[in-house]
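One letter stands for each residue in the lines below.
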Amino acid sequence: MSSVASRSGAPLSRLSLPIEGMTCASCVGRVERALTAVPGVQTASVNLATERADLSFIGAPDPQAAVRAIERAGYTVHEATTELSIEGMTCASCVGRVERGLAQLPGVIAASVNLATERAQVRHLAGTVSVADLVAAVENAGYTARAAGVSTAAAGDQEEERREAEARALRRSLLLAVVLTLPVFILEMGSHLVPAMHHWVMHAVGLQTSWYLQFALATLVLFGPGLRFFRKGVPGLLRGAPDMNSLVSLGTAAAYGYSVVATFAPGVLPPGTANVYFEAAVVIVTLILLGRTLEARAKGRTSQAIKRLVGLQARTARVQRGDETVEVPLDEVTLGDVVLVRPGEKVPVDGAVVEGASYVDESMITGEPVPVAKAVGAEVVGGTLNTTGAFSFRVTKVGGDTVLAQIIRLVEQAQGSKLPIQALVDRVTMWFVPAVMAAAALTFLVWLVLGPAPALTFALVNAVAVLIIACPCAMGLATPTSIMVGTGRAAELGVLFRKGEALQALRDVSVIALDKTGTLTKGRPELTDLEPADGFQADEVLALVAAVETRSEHPIAEAIVAAARARGLALATIERFEAVPGFGVSARVAGRTVAVGADRYMTRLGLEVAAFRPTAQRLGEQGRSPLYAAIDGRLAAVIAVADPIKESTPAAIQALHALGLKVAMITGDNAATAAAIARQLGIDEVAAEVLPDGKVAALKRFRAGGAKVAFVGDGINDAPALAEADVGLAIGTGTDVAIEAADVVLMSGDLRGVPNAIALSQATIRNIKQNLFWAFAYNAVLIPVAAGLLYPFNGTLLSPIFAAAAMALSSVFVLGNALRLKRFHAPMQADTLGTGMAESERETGR
């Protein structure tokens, strides 16, 4: 975007927009006409080859109006998201200031800033703003910013080093402040509280000398460790954008300045008001530094989930280069490389085995504790642990495309997002600091006019107490810290929140709609029953039937063949194979005639199935499909093939019922089979015989009466339903984690993650509400007390020192409460579902 002057002399701004969907010259003309009609647009030129529109505006550009015009014409403008790492924010008002600065840039659609992660996510029209523009907007707001790259081990280390350096600097400042503050506090407060101390100071040191000593030490504290508050707070005041640092600066400067006047020019003050408050100024600085130090330590603990995920990555890989194997850094591994993995080593990146065999512990991906067999052709995932054998694999994904990188990215996105509940906090904090300053000014004036003697002293002390106690740190940390810890704990349990909003929405659902195939069931048919007739052996029948079915590609045939091979049965060569559409198949196997099919096929062959009718009826009630086998003209067995229910499904549905939720099932099966499965599992409502495109309609039916519905599917053919539901939960396959249609991805391949996700959502929102209540109630109660509201009734006043202590403790309380979510106790704990990082389950974070 650039600015020039038009022929008339008016300022002219240029804007370039990327356009998607144009296919011909008529598209170009349509877009140009639409853009020319936008108010303020002087010229519009659209290029089909570059797919861009170049506009010139008279005056300030209006990208949003241009985008609306393009969309009305039937085309789209590509959006982009840029993430920034921001330094220097201390409270909720800082967050609001950065968000407003970013949102004012032309082309920015939305900006979301997270105080806990110190990151900003900016949605903008592609090509309208650069990273440099965004960084400049943040710097104009008074903070430091830089582009945030994709999380890698190196990037994680750099971020960790920066946070640790900041924490070390805070600890050094705190130590120095404590050393310098103690003498001031002892000299002044000791004289007030201990008569012997007062006597010693008056006679051995002298009152004036004591004040000079306190002045020297207080000056060192305020302009040494405390200088950080003035560096941030004073520029904010001058810009008309005060923050928490501004409140601290004003409060400590008022106490310090008044004390300097009382020490060196007491004559300018009203009689009886020449008192010093050096101890209040230095203790305030020290206590706030203590709070900041504890806060930095706690904030470091909130991001441990990301650190653990990054820690799962290998740092090097053993790669074949020519005739030798060399160890190279992970970022030097490229697609197509062949990597060697020895026993006990981590798999460096994603790939497919080309040589060797082993068992790989994939619990960090699937949550399943049993190592998985890997042979030639099997996929392996970076970050998993090789256990016994050695193998080589060809690299198929590197860098940000690996499964682990995608998981890290999903967790970071969820941790950096804002919940709808945060909107209230944002609205309040936008005006909070100016309102506090107004309250402090009003407090000063009321005490000065109406207060008892010495009125000036009372006015100063109470105004400073109001400024100090009203720090909005706790408000700014209340929501993001809980989100960070909650989503991190979820990742440990194998639950990935792709969108932070789902963390709140999931708490409000009342109906869980489940796709049957692949969600309730294993998603592939298996042989479940084989009952032989008198005179036949089960293995004998299975070997003959499976031999016939080797010629069929039907899923039922594949299930029968797989069952025979799993039992180690030899399958004979067949002759004269014949398929009868709608009935069954037959062939000659080792000199014997074998026929397999439905009951109507047996009737066609002249065989009576009445002897197996009770068994067939029972199998049908269980949702299984009965087939019959005939050998040499005799009925030999009844066989059932079904898509078996996963072992964990019944317990998961019980857990959902225990959470007070209604469970529904959506399936394409016939009504009788669906009803049988529903009875078996205790499902409340069924939508049967539903075609793939009918799942959305089924969800709308479940939503009747205003119910919030979550849909659980496999994330592939269920994409429309996942998008339609209030919350879409995709059952992950271990290697397919970037399921765009879902709000939540369950890394384990079963339903146990669903009650865990819902229970964690409930615990997190409850934790956020506790934090917000504390933050708002704290200010609502203590600001009037600090202003002296209780003084006329019982003589209570709040010292600025206690105000500073209470302010520091409020942030520490909020962080400590959020960290309790790390101990969240999952309702479904079968072998622990997590990413292999889960700590021992302890008490729930409630």
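Being a predicted model, the structure only gives us computed values, none of them experimental.

J.: When you look at the overall build of the chain in this model, what are you seeing that I'm missing?
T.: Helix and strand content of the chain: 29 helices and 31 strands. Going through the 846 residues of the chain one by one, you find that 52% of them count as buried. Element-wise, carbon and sulfur atoms account for 58% of the exposed surface of the chain, whose accessible area totals about 35500 Å².

J.: Would you mind going over unusual backbone geometry with me for this structure?
T.: Apart from glycine, the bulk of residues carry a negative phi angle, and the bulk of peptide bonds sit in the trans form. Each neighbour pair has its own omega, and for alanine 453 with proline 454 the value is -10°, a cis peptide bond. With respect to the helices and strands, the residue proline 454 is situated in the loop between α14 (422-450) and α15 (455-469). You will see that arginine 576, though not glycine, has its phi angle at about 50°, which is positive. Mapped onto the elements, arginine 576 comes out in strand β22 (residues 574-580). Residue classification places arginine 576 among the exposed positions, given a relative accessible area of 65%. Even without glycine at this site, alanine 590 takes up a positive phi of about 50°. Relative to the helices and strands, alanine 590 is located in the loop between β23 (584-589) and β24 (592-597).

J.: Sorry, what's going on with the packing of aromatic side chains here?
T.: Two numbers describe a pair of aromatic rings. These are the distance of the centres and the angle of the planes. Counted by the stated rule, this structure contains 13 aromatic pairs. Pairing phenylalanine 223 with phenylalanine 230 gives two aromatic rings, centres 5.9 Å apart and planes at 20°, and the pair type is stacked. The interplanar angle of 20° and the centroid separation of 5.5 Å between the aromatic rings of tryptophan 447 and phenylalanine 458 together place this pair among those described as stacked. Of this pair, tryptophan 447 sits in helix α14 while phenylalanine 458 sits in helix α15, and the two are eleven residues apart along the sequence. Each residue in the set Tyr212, Phe215, Phe223, Phe230, Tyr256, Phe264 and Phe278 is aromatic and connected to the rest through ring pairs, giving one cluster. The positively charged end of arginine 600 is found above the aromatic ring belonging to phenylalanine 583, 5.8 Å away from the centroid.

J.: I tried to follow the sheet that holds strand β20 (residues 511-515) on my own but got confused; where do I start?
T.: Note on sheets: strands pair through backbone hydrogen bonds, and any given pair is parallel or antiparallel. Read from one edge to the other, the open sheet built from seven strands follows the order β19-β31-β30-β29-β20-β27-β28, with strand pairing classed as mixed. Bordering the open sheet on either side are β19 (495-497) and β28 (685-687), each of which pairs with just one other strand. Direction aside, the axes of adjacent strands within the sheet are offset by 20° on average. Relative to strand β31 (residues 744-746), strand β30 (residues 727-731) runs parallel, the two being bridged by three bridges. Along β31, the bridge assignment pairs isoleucine 731 with leucine 746. Sheet contacts for helix α25 (residues 695-702): β20, β27 (662-666), β28 and β29 (709-713); angle to β27, the most-contacted strand, approximately 160°.

J.: Would you take a moment to explain the confidence of the model for the chain for this structure?
T.: Detailed conclusions should not be drawn from predicted coordinates in areas where pLDDT is low. Predicted confidence across the chain gives a mean pLDDT of 80, with 85% of residues reaching 70 or more. Contacts for the low-pLDDT stretch residues 1-9, under 50 throughout, to residues beyond four places or in other chains number 19 contacts. Low confidence marks residues 830-846, where pLDDT is under 50. Its contacts with residues over four positions away, or in another chain, come to 65 contacts.

J.: What exactly am I supposed to notice about the side chain of threonine 402 here?
T.: Structurally, threonine 402 is set in the loop between β18 (391-397) and α13 (403-416). Apart from residues no more than four positions distant in its own chain, threonine 402 is found in contact with Val349, Asp350 and Lys397.

J.: In this structure, what is going on with a nonpolar patch on the surface? I would like to understand it.
T.: A surface patch of nonpolar side chains, amounting to about 500 Å² of accessible area, comprises Leu442, Val446, Leu448, Val449 and Leu450. Along the polypeptide, valine 446 turns up in helix α14. Residue classification places valine 446 among the partly exposed residues on the basis of a relative accessible area of 39%.

J.: Mind showing me how you'd approach the environment of methionine 747 here?
T.: In this structure, methionine 747 sits in the loop between β31 and α27 (753-787). Methionine 747 sits in the buried class, given a relative accessible area of 1%. Expressed as a C-alpha distance, the spacing of methionine 747 and leucine 493, which sit 254 residues apart in the sequence, is 8.7 Å.

J.: Would you take a moment to explain the side chain of serine 173 for this structure?
T.: Along the polypeptide, serine 173 turns up in helix α5 (residues 153-193). Side-chain polar atoms of serine 173 contact the side chain of arginine 228, separated by 2.9 Å. With near-sequence residues (within four places) excluded, serine 173 lies in contact with Pro225, Arg228 and Leu289.

J.: What exactly am I supposed to notice about the packing of helix α9 (residues 244-264) against α15 here?
T.: For any two helices packed against each other, the geometry is given by the interaxial angle and the distance between the axes. It is the contact of α9 with α15, at a shortest axis distance of 8 Å, that shows an interaxial angle of 155°. The orientation of α9 with respect to α15, classified from their angle, is roughly antiparallel. Judged by the sense of rotation from one axis to the other, the crossing of α9 with α15 is left-handed. For the pair α9 and α15, contact is made by Leu247, Val248, Leu250, Gly251, Ala254, Ala255 and Tyr258 and by Leu456, Thr457, Leu460, Val464, Leu467 and Ile468, respectively. Among the residues forming the contact of α9 with α15, the class breakdown is eleven nonpolar, two polar and no charged.

J.: Can you walk me through the pattern of salt bridges in this structure?
T.: When their charged atoms lie close together, side chains carrying opposite charge are able to pair. Scanning the model with the defined rule gives 13 salt bridges in all. With a shortest N-O distance of 3.0 Å, glutamate 345 and arginine 342 are connected by a salt bridge. Its relative accessible area of 22% is what places glutamate 345 among the partly exposed residues. Residue arginine 342 is classed as partly exposed on the basis of its relative accessible area, which comes to 37%. For arginine 618, the salt bridge is made with glutamate 531, and the minimal N-O distance between the two is 2.8 Å.

J.: Would you mind going over the pairing of strand β26 (residues 634-642) with me for this structure?
T.: For β26, a buried count of eight out of nine residues is recorded, marking the element as mostly surrounded by other parts of the structure. Bridge count for strand β21 (residues 526-532) against β26 is six bridges, and the pairing is antiparallel. Bridge assignment links leucine 527 to a residue of β26, and that residue is valine 641. Across seven bridges, the pairing between strand β25 (residues 625-631) and β26 is antiparallel. Each residue of the ladder has a partner; that of leucine 627, found in β26, is isoleucine 639. Adjacent in sequence and paired antiparallel, β25 and β26 are bridged by two residues, among which aspartate 632 carries a positive phi angle near 55°.

J.: Would you take a moment to explain the nonpolar core for this structure?
T.: For soluble globular proteins, nonpolar side chains are generally found buried alongside one another. Ile86, Met89, Leu102, Leu506, Ile512 and Leu729 are the most contacted members of the largest nonpolar core, which has 132 residues in total. Here this core takes 14 residues from α27, the largest share from any one element.

J.: Please clarify how α15 should be interpreted in this entry.
T.: Three- or four-residue spacings in an α-helix give side chains the same orientation, since the helix completes a turn every 3.6 residues. Taking 1.5 Å of rise per residue, the 15 residues of α15 would be expected to cover 21 Å, and the 21 Å separating its terminal C-alpha atoms lies within 8% of that figure. Burial runs high along α15: 15 of the 15 residues are buried.

J.: I tried to follow the UniProt feature "transmembrane region" (unreviewed entry) in the chain on my own but got confused; where do I start?
T.: Those places that UniProt annotates as "transmembrane region" (unreviewed entry) correspond, in this numbering, to residues 173-191, 211-230, 250-269, 275-294, 428-450, 456-479, 772-791 and 797-819. Annotated as 80% helix and 0% strand, the span residues 211-230 places its first and last C-alpha atoms 23 Å apart. End-to-end, the C-alpha atoms of residues 772-791 are 28 Å apart, and along that stretch the chain is 85% helix and 0% strand.

J.: Just to check I follow, could you spell out the sheet that holds strand β6 (residues 79-87) for this structure?
T.: Ordered in space as β7-β8-β6-β9, the four strands form an open sheet in which the pairing is antiparallel. Strands with a single pairing partner mark the edges of an open sheet, and in this sheet they are β7 (108-114) and β9 (144-147). Neighbour to neighbour, the strand axes of the sheet diverge by 25° on average, direction disregarded. In terms of strand pairing, β7 meets strand β8 (residues 119-125) through six bridges, oriented antiparallel. Paired with asparagine 114 across the two strands is arginine 119, which belongs to β8. Contacts between helix α3 (residues 92-103) and the sheet are confined to β6, β7 and β8, with β7 contributing the most and set at about 160° to the helix.

J.: Is there a simple way to explain the packing of α3 against helix α4 (residues 131-140) in this structure?
T.: Two elements in contact, α3 and α4, have axes whose closest approach is 8 Å; the angle formed by their N-to-C orientations is 135°. The angle between the axes of α3 and α4 places the two elements in the oblique class. Handedness of the crossing formed by α3 with α4: right-handed. Where α3 abuts α4, its residues Val98, Gly101 and Leu102 lie against Leu134, Ala137 and Val138. Classifying every residue of the contact of α3 with α4 gives five nonpolar, one polar and no charged.

Calculation rules
Residues numbered from 1 in each chain as written. Predicted model: local features only at pLDDT ≥ 70, side-chain atom pairs only at ≥ 80, totals over all residues. Heavy atoms only, no water. Helix = DSSP H or I, 4+ residues; strand = E, 2+ residues; numbered from the N terminus. Buried < 20%, exposed > 50% of the residue type's maximum accessible area, 1.4 Å probe, protein only. Areas by Shrake-Rupley, 256 points an atom, 1.4 Å probe, with all protein chains shown as cover. Phe/Tyr/Trp six-rings, centres within 6.5 Å; stacked < 30°, edge-to-face > 60°. Lys NZ or Arg CZ within 6 Å of the ring centre and 35° of its normal. Pairing = 2+ DSSP bridges. Axes fitted to C-alpha atoms, helices over the stretch in contact; angles between N-to-C directions. Contact = heavy atoms within 4.5 Å. pLDDT = per-residue confidence, 0-100. Patch = residues over 30% accessible without salt bridge, like charges linked within 9 Å, V, L, I, M, F, W, Y side chains within 5 Å. Salt bridge = Lys/Arg side-chain N within 4 Å of Asp/Glu carboxyl O. Polar contact = N/O pair within 3.5 Å; in protein donor to acceptor, adjacent residues only side chain to side chain. Parallel < 35°, antiparallel > 145°, perpendicular 65-115°, else oblique. Left-handed = near helix turned anticlockwise from the far one by under 90°. Nonpolar A, V, L, I, M, F, W, Y, C, P; charged D, E, K, R; others polar. Core = buried A, V, L, I, M, F, W, Y, C linked by side-chain atoms within 4.5 Å. Expected span 1.5 Å × (residues − 1). UniProt positions renumbered as here; feature names shortened; annotations may be inferred.

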